[in-house]
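Read off the chains here:
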Amino acid sequence: MNSLKIFATVSATGALLFASGCSSDSSDGATSSAEATTPASVCSQIEDAGIGKNCAPGSTTGLAVAATGAYDFDLPSVPGKSGTVMIFDNADLYRKTVQSYSDAAFLAGPHRYGSESSLIFVQINEGLSSSDGQKVKDIVDSL
């Protein structure tokens, strides 16, 4: 009978440790950069850099169909033009989307910046200056 109680206690403890080990909560209360990185937060950084304006939830259609979320922003320096920040939950779909935008560069424009580690991709319509494009690239590279 004692061995049954010991087995039950060990099993319950093991299950508890397994469950807590699989928890998304970190033990120190900090969140990882991937958890904190969202299309909205990246769009805000683009606004803070003075490149974008009017960040708003966007659609995941067209070449962005595989994205799980998107934010659109206007380009004040290029009236009538805009950009999109996309996030993915799958690295393979992220890479396929990056390739699709690369294949359609003549339509999508030259400003395409991605972070495979955070699965964030930013596409900006042509007309943006190289220096502003570099600022966006620096933001994405820092993710």
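Describing the state of the cysteines
The bond known as a disulfide is covalent and runs between the sulfur atoms of two cysteines. Under the criterion given, the structure shown has one disulfide. A sulfur-sulfur distance of 2.0 Å marks the disulfide that ties C43 to C55. A torsion of -95° about the S-S bond marks the disulfide between C43 and C55 as left-handed. In this pair, C43 is assigned in helix α3 (residues 39-48) and C55 in strand β1 (residues 53-57), connecting sequence segments 12 residues apart. Residue classification places C55 among the partly exposed residues on the basis of a relative accessible area of 22%.

Thoughts on unusual backbone geometry
In the Ramachandran plot, N54 falls in the positive-phi region, its phi being about 65° despite a non-glycine side chain. If you trace the backbone, N54 turns up in strand β1. Residue N54 is classed as partly exposed on the basis of its relative accessible area of 46%. Non-glycine residue L119 carries a positive phi angle of around 55°.

Notes on the packing of aromatic side chains
According to the stated counting rule, one finds two aromatic pairs in the structure shown. Here the aromatic rings of Y101 and F121 are separated by 5.3 Å at their centres, their planes lie at 50°, and the arrangement is tilted. You can see Y101 sitting in helix α4 (residues 91-103) and its partner F121 sitting in strand β5 (residues 120-124), a full 20 residues away along the chain. Residue class for Y101 comes out buried when judged on its relative accessible area of 8%.

Here is what the cut-offs are and how they apply
- Residues numbered from 1 in each chain as written.
- Predicted model: local features only at pLDDT ≥ 70, side-chain atom pairs only at ≥ 80, totals over all residues.
- Heavy atoms only, no water.
- Disulfide = S-S within 2.5 Å.
- Helix = DSSP H or I, 4+ residues; strand = E, 2+ residues; numbered from the N terminus.
- Buried < 20%, exposed > 50% of the residue type's maximum accessible area, 1.4 Å probe, protein only.
- Phe/Tyr/Trp six-rings, centres within 6.5 Å; stacked < 30°, edge-to-face > 60°.

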